[in-house]
Amino acid sequence: MIRRLLRGHPFTIVVLAITVAIAVIGRGLRGPSLDFRLAMGTGDQQLVEGHQWWTPITSMFLTDGGLELIFVIAAIILVIGVAERLMGTARAAAAFVVTSVLGVIVGVVIQEIGALVGELWARRVSELVTLDPMTAIAGTIMTASAFAGTVWRRRIRVVTISVALVFLLYSGQPSDLYRFLAVFAGFGLGVVLRPSESNLWWQRSSHHETRVLLSAIVVITAIGPAITIFSRLRLGALSPLGLLLSDAHPNGPGALDQCQAMRITRACLHDITLERISGVGPVLLTVLPLLTLLVAAFALVRGRRFGVWLAMVINLALAALAAYFYGFLPLSGESFVVRFRTPHYWEVSLALAASVLVPIAIATLVFVNRSHFSVRASARSTRLYIGAIIVVLVGLSTLYLTLGMLLSTGFHPRVGIVDLLADLPERFVPIGFLRIERLSFLPTDPVTRALYYWIGPCFWLVVVVGALLVASAAESRSYSLELPSIRALLRAGGGGSMGQLATWPGNSYWFAPDGRAAVAYRVVNSVAITTSEPIGSSDAARLAIPQFARFCDDNGWTPVFYSIHESFLRECERMGWSSMSVGEETVVRPGNWQTTGKHWQDVRTSINRAERAGVRAEWTSFERLSASHAAQIVEISEQWVAEKDLPEMGFTLGGLDELRDPAVGLMIACDENDRVIGVTSWLPSYRDGVVIGWTLDFMRRTPDGMNGIMEFLIARSAERFRDEGIESMSLSAAPLARSTTDAESVQSSATVRILGYIASRLEPVYGFQSLFQFKRKFKPEFHNLAMAYPDALALPAIGLALARAYVPSLSLRQSIRFVRSLG
């Protein structure tokens, strides 16, 4: 194993050996000596004044020792090792050197230009010496991203750029600038080494992948302020925490009295900051808002719409606080605000603007992508959460004012109601925003200290814990509480071949008064669209149709039964409803499965080709997949989505999230190297708790896979179902695709235009008609699927609701163009 590791990752081993050897020479965990640092570290003075041309290379292998050395060693093994595996030893070595050297040289040029024009930051950091292997490591993995698959290319780039940017914004040292530039040098080098359009432009991602990426961005930006704790230049909003963790202590009450007398000095500000953060309460007051963002990221990765609003509210609140304390107050000339002594430095204004704009940018990014988060919290849980926050805020404020007046002598100087009211908002504000504001009074005994320092943390604890509870169960009441009842009705035999769609996230449920039937539906623009027919026994399901219609009417919704079979369509027509065909379900009887005869030539050829190539079919479920196979399926799906010009569709078309249901079966195709080259998913249908049918849902193949792999997988599935005695194998329906158009000729022109518009817009991208023709190869039975609705005048609204149900990210302009086409 060691020999294989050495043979497969020689460059990683060399970098690791050099780094460890230099660390040992340079006093190990204690870091290099000053002379060694000056001789081997890089920076403005080393390159420009000292002409130490070798330092951009030698600084790649030097650290400050301690935990940094351990972290760098781990990064070399993991990150450089992965990069070398992706693009080979020669390219990894070239990327390691080129990106680091370019990052340092361009960074030093920027510093020199800044110093020439009198820029403040460049002058402050001109003498700093940089030791940073992470510059080369970040540039190397960014280069390697060009050689990764669609999923990991996107993840590597988003995470690497986000981390580099956060360090640059919150730490702001020369090494952070060099690293940031090396990342973009790596991006360019990757495009040069592997030129491809997919390497240069952002490719569309699935809903699942978008949620993962946005969650990662929110997490990275949330922990950004904590970077200032470990930064030499503490410029972030959490810089007071850096003082708390240092050896600094207040200089006693004399300095605080000077501050209160408005004799502002640097020592005064230092002592104000230390006094504000003395104790656990103030620390929590700074950390808890950031923990709230981590909870928002947790909700985002689970597809919760609640996470969108939480991330937006917290980021916008941080932006508003930054604008108020760093912008409005200094400009307003208020007497209690310390004025900036260097207003002529434009970079100060730029830095303060960034503290406002970065949270706004994150909030905007999350808002723009909100359509990827379809799982909504119940109205009750949302109301309880907001109500709890308001009650706690009012209660704590009242407690502070009441006890503050009763214990007014416990503050120095003695406070009145006006003082307490003026100070009240600051009790809930993270300490970092208050570091430039003069103290009006301070608590002097344990009781007033508890009151002064703990009402803010108590409030934010409620915010964090409440948000975590909502995020953990942020599903509609129907979905979270009634899903077990839906599954029970399905297992009893209700729902037909498409009943399993009712279990997908995003659905709401209506139950008949006797509980014997249910309807899964989604409300889009006041149109309640069912996923299919009612779930339950035949009689109970038919009775549920008029009952559900009355339920929708009571709520002001237009009911639409979508993708229902003929038996349920007749029930709707008895109520005087209109209907239209929306597709045809293709059904194969496994008991009669055979591939003999001329008409099966294409299917037999696909099976024989796969067998000759050593391809095997494996029946499994997502939870039983190996980590490697699961990752490959995700990669295949992302490649498929990236090739489309329109977003991933949902509603009755499953994606990666739906694959993870343990009830869903997977038939995967693996080649001789155990590489997944194709995958299909199958949804069960039951009778008396026994699976009697499977419905095809998810179909994906690798772009470079052999032709006929889908035919091979479907054929192997049919053989398995035949051997197990399965009654029906539905190849599902291709939406908006039909074998004939005869039925459409008797329908209204508006209906035809709706179908024609949707089909024509989606066919070039999703190929529904091509998919329908593909399924005809298996000689299926054709079962008409219809849509029933009460009022033909509602067709434009129904068509738009369907478009939004399938593609939630449909833009306003696309929606308007869609409606106009119906005229």
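Residues numbered from 1 in each chain as written. Predicted model: local features only at pLDDT ≥ 70, side-chain atom pairs only at ≥ 80, totals over all residues. Heavy atoms only, no water.

Another point: the environment of Val463. Here Val463 shows up in helix 22 (residues 446-472). On the basis of relative accessible area, Val463 is assigned to the buried category, the value being 5%. Setting aside residues up to four positions removed in sequence, Val463 forms contacts with Thr292, Tyr385 and Ile389. (Helix = DSSP H or I, 4+ residues; strand = E, 2+ residues; numbered from the N terminus. Buried < 20%, exposed > 50% of the residue type's maximum accessible area, 1.4 Å probe, protein only. Contact = heavy atoms within 4.5 Å.)

This part is about the packing of aromatic side chains. Applying the stated criterion across every chain yields a total of 25 aromatic pairs. Taking the centre distance of 5.9 Å and the plane angle of 65° together, the rings of Trp510 and Phe548 count as edge-to-face. Taken together, the residues span a long stretch of sequence, with Trp510 in strand 3 (residues 508-511) and Phe548 in helix 24 (residues 538-554) at a distance of 38 residues. The same class applies to Trp510 and to Phe548, which are both buried. A ring pair is formed by Trp593 and Trp600, whose centres lie 5.1 Å apart and whose planes are at 80°; its orientation type is edge-to-face. Its relative accessible area of 6% is what places Trp593 among the buried residues. Members of the aromatic cluster, joined through ring pairs, are Trp510, Tyr521, Phe548, Phe551, Trp557, Phe561 and Trp577. (Phe/Tyr/Trp six-rings, centres within 6.5 Å; stacked < 30°, edge-to-face > 60°.)

It is worth spelling out the nonpolar core at this point. Side chains that are nonpolar tend, in soluble globular proteins, to be buried together. Phe306, Leu310, Tyr385 and Tyr400 are the most contacted members of the largest nonpolar core, which has 49 residues in total. Within the residue set of this core, elements represented by two or more residues are helix 13 (207-223), helix 17 (280-301), helix 18 (305-332), helix 19 (346-368), helix 20 (379-406) and helix 22. Considering every element that reaches this core, the biggest residue donor is helix 22, with 11 residues. (Core = buried A, V, L, I, M, F, W, Y, C linked by side-chain atoms within 4.5 Å.)

Our next topic: the side chain of Thr160. Mapped onto the secondary structure, Thr160 falls in helix 10 (residues 150-170). Residue class for Thr160 comes out buried when judged on its relative accessible area of 14%.

This part takes up helix 11 (residues 174-193). Taking 1.5 Å of rise per residue, the 20 residues of helix 11 would be expected to cover 28 Å, and the 28 Å separating its terminal C-alpha atoms lies within 8% of that figure. Counting buried positions over the 20 residues of helix 11 gives 14, a clear majority of the element. (Expected span 1.5 Å × (residues − 1).)

Before going further, it helps to examine the packing of helix 26 (residues 601-612) against helix 29 (residues 709-724). Two elements in contact, helix 26 and helix 29, have axes separated by 8 Å at closest approach and are oriented at 95°. Considering their axes alone, helix 26 and helix 29 lie roughly perpendicular with respect to each other. Where helix 26 approaches helix 29, its residues Val603, Ser606, Ile607, Ala610 and Glu611 are matched on the opposing element by Glu711, Phe712, Ala715 and Arg716. When grouped by side-chain class, the residues that make up the contact of helix 26 with helix 29 number 5 nonpolar, 1 polar and 3 charged. (Axes fitted to C-alpha atoms, helices over the stretch in contact; angles between N-to-C directions. Parallel < 35°, antiparallel > 145°, perpendicular 65-115°, else oblique. Nonpolar A, V, L, I, M, F, W, Y, C, P; charged D, E, K, R; others polar.)

In the contact formed by helix 6 (residues 66-87) and helix 9 (residues 133-144), the axes pass within 9 Å of each other and the chain directions differ by 25°. One finds that helix 6 runs roughly parallel with respect to helix 9. For the element pair helix 6 and helix 9, the recorded crossing hand is left-handed. Taken together, the residues of helix 9 that come into contact with helix 6 (itself represented by Phe71, Val72, Ala75, Ile76, Val79, Ile80, Val82, Ala83, Leu86 and Met87) are Pro133, Met134, Ile137, Thr140, Ile141, Thr143 and Ala144. In terms of residue class, the contact of helix 6 with helix 9 is made up of 15 nonpolar, 2 polar and no charged. (Left-handed = near helix turned anticlockwise from the far one by under 90°.)

Quick look at unusual backbone geometry now. That bond from His412 to Pro413 is cis: its omega, -5°, falls within 30 degrees of zero. Its location among the elements puts Pro413 in the loop between strand 1 (411-412) and helix 21 (417-423). In this structure, Ser526 takes a positive phi of about 65° despite not being glycine. On the secondary structure map, Ser526 appears in the loop between strand 4 (517-524) and strand 5 (527-530).

Taking 1.5 Å as the rise per residue, helix 24 with 17 residues should run 24 Å; its terminal C-alpha atoms sit 25 Å apart, in good agreement. The axis of helix 24 is deflected most strongly, by about 30°, at Ile545, and proline Pro546 appears within four residues downstream. All of the buried residues along helix 24 are Ala540, Ala541, Ala544, Ile545, Phe548, Ala549 and Cys552. Contacts from the buried residues of helix 24 go to strand 3, strand 4, strand 5, strand 6 (535-536), strand 7 (558-564) and helix 25 (566-574). In the segment just after helix 24, Gly556 is the residue with positive phi, at about 75°. (Bend = angle between axes of the 7 residues up to and from the residue.)

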